[in-house]
Amino acid sequence: TQLLEQSPQFLSIQEGENLTVYCNSSSVFSSLQWYRQEPGEGPVLLVTVVTGGEVKKLKRLTFQFGDARKDSSLHITAAQPGDTGLYLCAGDQGAQKLVFGQGTRLTINP
Amino acid sequence: KAGVTQTPRYLIKTRGQQVTLSCSPISGHRSVSWYQQTPGQGLQFLFEYFSETQRNKGNFPGRFSGRQFSNSRSEMNVSTLELGDSALYLCASSLSGGRNYGYTFGSGTRLTVV
């Protein structure tokens with residue numbers, strides 16, 4: 001049973017479009033982290049959200065943590081080919097252990 | 001500053017052999033975690049060490065073990081390798097546990113068991 005469900009699993013859009021990736025769970029997390037992974041490399045941290053209802057912006061990326069701290073979303077505005085990659089959400093339930101979603105493979109076509 | 005360094009980057013082993021992977025965390029980071037990444041299961045937590053003590057362990061068989069040294073460098077060992085152990089093994093470091101500030105991952109060790 002996957003504790004964190006990410007959707008969609010695959011997304012291919014044209015440059016300039018907007019998109020949203022969702023990360024949902026029935027469990028409460030003390031924090032929710034988003035990572036981006038390139039082929040052959042380890043995940044790179046994009047953001048950590050800790051407070052329910054928190055919204056963080058990183059240039060064209062907007063991250064939101066649900067009020068109940070069970071879900072999160074990543075919104076990208078005006079996607080660029082450089083945004084292509086595997087996006088992973090990860091929940092921290094305490095005990096220094098991350099639970100990862102299956103990932104969203106995003107392709108931005110020029 | 002230097003990132004998380006994992007060695008070797010690639011390994012090919014035969015079923016039944018054992019393997020040791022190494023991870024050097026970011027200087028000053030005392031927490032080191034290990035994850036296994038496969039296409040079917042995604043990223044799964046193996047274990048976490050802090051100041052040479054294992055604080056948490058994932059749901060993997062006893063063939064998977066690890067340790068941490070006084071300089072925070074960590075090793076993981078897999079004994080009696082099986083084909084299903086083929087995966088990307090990732091190490092992540094943090095100051096004390098990455099709840100608020102996240103983790104820094106290494107590039108991983110790609111293990112292939114034949």
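Relevant structure appears above.
Residues numbered from 1 in each chain as written. Chains lettered and ligands numbered in written order. Predicted model: local features only at pLDDT ≥ 70, side-chain atom pairs only at ≥ 80, totals over all residues. Heavy atoms only, no water.

S.K.: Quick rundown of the environment of phenylalanine 64 of chain B? Include the residues and the values.
M.R.: All names here are of chain B. Mapped onto the fold, phenylalanine 64 is located in strand E7 (residues 64-68). In this structure phenylalanine 64 comes out as buried when scored by relative accessible area, which is 3%. Spatially, the C-alpha atoms of phenylalanine 64 and valine 78 are 4.7 Å apart, while their sequence positions differ by 14 residues. Discounting chain neighbours no more than four positions away, the residues touching phenylalanine 64 are Gln36, Leu46, Phe47, Lys57, Met76, Asn77, Val78, Asp85 and Tyr89. (Helix = DSSP H or I, 4+ residues; strand = E, 2+ residues; numbered from the N terminus. Buried < 20%, exposed > 50% of the residue type's maximum accessible area, 1.4 Å probe, protein only. Contact = heavy atoms within 4.5 Å.)

S.K.: Residues and numbers for the pairing of strand E5 (residues 42-50) of chain B, please.
M.R.: Residue and element names in this part refer to chain B. Buried residues dominate E5, accounting for 8 of its 9 residues. By the bridge criterion, 8 bridges tie strand E4 (residues 31-38) to E5 in an arrangement that is antiparallel. Bridge pairing links glutamine 36 to glutamine 44 in E5. With antiparallel pairing between neighbouring strands as the criterion, E4 and E5 make up a hairpin whose turn holds 3 residues. Of the pairings in the sheet, the one linking E5 to strand E6 (residues 53-57) comprises 4 bridges and is antiparallel in character. Bridge pairing links tyrosine 49 to glutamine 54 in E6. In textbook terms, the turn of a hairpin is the stretch between consecutive antiparallel strands, and for E5 and E6 this stretch comprises 2 residues, one of which, serine 51, has a positive phi near 50°. (Pairing = 2+ DSSP bridges.)

S.K.: Quick one: what's the story with the nonpolar core, residue by residue and with numbers?
M.R.: Grouped together as the largest cluster of nonpolar side chains are 21 residues, with contacts concentrated most on Trp34, Leu46, Phe64, Met76 and Tyr89 of chain B. Sorting the residues of this core by element identifies strand E3 (19-24), E4, E5, strand E8 (74-78), strand E9 (87-94) and strand E11 (109-113) of chain B as the ones contributing at least two each. Formed by 20 residues, the second largest nonpolar core is a distinct cluster that contains Leu19, Val21, Val47 and Ile76 of chain A. (Core = buried A, V, L, I, M, F, W, Y, C linked by side-chain atoms within 4.5 Å.)

S.K.: Tell me about unusual backbone geometry, and name the residues and values.
M.R.: Most peptide bonds are trans, and most residues other than glycine sit at a negative phi. For the bond running from serine 7 of chain A to proline 8 of chain A, omega is -5°, close enough to zero to count as cis. With respect to the helices and strands, proline 8 of chain A occurs in the loop between strand E1 (5-7) and strand E2 (10-14). In this structure, the amide linkage connecting threonine 7 of chain B to the following residue, proline 8 of chain B, adopts the cis form with an omega of -10°. Mapped onto the elements, proline 8 of chain B comes out in the loop between strand E1 (5-7) and strand E2 (10-13). A positive phi is found at lysine 59 of chain A, a non-glycine position, where the angle reads about 55°. As for its position among the elements, lysine 59 of chain A is in the loop between strand E6 (55-58) and strand E7 (61-65). The class of lysine 59 of chain A is exposed, set by a relative accessible area of 83%.

S.K.: Explain the state of the cysteines to me, and be specific about the residues and the numbers.
M.R.: Within this structure, the stated rule accounts for 2 disulfides over all chains. Through a disulfide, cysteine 23 of chain A is tied to cysteine 89 of chain A; the S-S separation comes to 2.0 Å. Its S-S torsion of about 75° marks the bond between cysteine 23 of chain A and cysteine 89 of chain A as right-handed, since a negative value means left-handed. Taken as a pair, cysteine 23 of chain A in strand E3 (residues 19-24) and cysteine 89 of chain A in strand E9 (residues 85-92) lie far apart in primary sequence, 66 residues in all. Comparing cysteine 23 of chain A with cysteine 89 of chain A shows no difference in burial state: the two are buried. In this model, cysteine 23 of chain B is linked to cysteine 91 of chain B through a disulfide, with the two sulfur atoms separated by 1.7 Å. Handedness of the cysteine 23 of chain B-cysteine 91 of chain B disulfide follows from its S-S torsion of about -50°: it is left-handed. A residue pair is termed long-range when its members are at least 10 positions apart, and cysteine 23 of chain B in strand E3 and cysteine 91 of chain B in strand E9 qualify at 68 residues. Each member of the pair, cysteine 23 of chain B together with cysteine 91 of chain B, is buried. (Disulfide = S-S within 2.5 Å.)

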